[in-house]
Amino acid sequence: MLFENKIDPRCTYCRHGAPLEDGQIICPKRGIVSPGSSCGAFKYDPLKRVPPRPVAPKLDLPQEDFEL
């Protein structure tokens, strides 16, 4: 599943926040904040959130399985 039902509020993907060059977030409500912080004015913006990459399965199959 790429998108979870319960999203932890973070300034990184808040509608109000905008990223700065040094990795900080500028918020009209709280000023310059760290990306992991949040406040009561959090509004989720799904276009700002990058979902975690799916884990690749570790398969140790013998070479004979791939020969005709």
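Look a little higher up for the structure.
So, a few notes on the structure that sits alongside this text.

Calculation notes
Residues numbered from 1 in each chain as written. Predicted model: local features only at pLDDT ≥ 70, side-chain atom pairs only at ≥ 80, totals over all residues. Heavy atoms only, no water. Helix = DSSP H or I, 4+ residues; strand = E, 2+ residues; numbered from the N terminus. Rg over C-alpha atoms; globule rule 2.2 N^0.38 Å. Buried < 20%, exposed > 50% of the residue type's maximum accessible area, 1.4 Å probe, protein only. Phe/Tyr/Trp six-rings, centres within 6.5 Å; stacked < 30°, edge-to-face > 60°. 1 Å grid on protein atoms, 1.4 Å probe; cavity = no way out; pocket = protein on both sides within 12 Å on 5 of 7 lines; lining within 4 Å. Points joined across faces, edges and corners; volume = space filled by probe spheres on them. Nonpolar A, V, L, I, M, F, W, Y, C, P; charged D, E, K, R; others polar. Polar contact = N/O pair within 3.5 Å; in protein donor to acceptor, adjacent residues only side chain to side chain. Contact = heavy atoms within 4.5 Å. Pairing = 2+ DSSP bridges.

1. Thoughts on the overall build of the chain
Part 1: Of regular secondary structure, the chain possesses 0 helices and 3 strands.
Part 2: When the helices and strands of the chain are placed in sequence order, the string is β-β-β.
Part 3: Here the chain has a C-alpha radius of gyration of 19 Å; the compact-globule value for 68 residues is 11 Å, and the former is much larger.
Part 4: Dimensions of the chain along its principal axes, counting C-alpha atoms only, are 65 × 30 × 15 Å.
Part 5: Classification of the 68 residues of the chain by burial places 18% in the buried group.

2. Quick notes on the packing of aromatic side chains
Part 1: This structure, assessed with the given rule, holds 2 aromatic pairs.
Part 2: Ring geometry for Y13 and F42: centres 6.3 Å apart, planes at 75 degrees, overall edge-to-face. Placement of the pair is Y13 in the segment before β1 (18–19) and F42 in the segment after β3 (31–33), with a sequence separation of 29 residues. The residues Y13 and F42 share a single accessibility class, namely buried.
Part 3: On the basis of an interplanar angle of 85 degrees and a centroid distance of 6.0 Å, the ring pair of Y13 and Y44 is categorised as edge-to-face. Of this pair, Y13 sits in the segment before β1 while Y44 is found in the segment after β3, placing the two residues 31 residues apart along the sequence.
Part 4: Three or more aromatic residues joined by ring pairs make a cluster, and in this case those are Y13, F42 and Y44.

3. Overview of empty space enclosed by the protein
Part 1: By the definition in use, this model includes 1 cavity of 30 Å³ or more.
Part 2: Its volume calculated, the largest cavity comes out at about 40 Å³.
Part 3: Here the residues of the lining of the largest cavity are counted per class, giving 6 nonpolar, 1 polar and no charged.

4. What to know about the side chain of S37
Part 1: Along the chain, S37 falls in the segment after β3.
Part 2: There is a polar contact of 2.9 Å between the side chain of S37 and the backbone oxygen of S34.
Part 3: With residues up to four places along the chain from it excluded, the contact list for S37 reads P9, R10, C11 and R30.

5. Some details on the sheet that holds strand β2 (residues 25–27)
Part 1: Strand order in the open sheet formed by 3 strands is β1-β2-β3, with antiparallel pairing between adjacent strands. Two strands bound the open sheet, and with one partner strand each, they are β1 and β3.
Part 2: Across 3 bridges, β2 lies against β3 in antiparallel orientation. Among the inter-strand pairings, I25 is bridged to a residue of β3, identified as V33.

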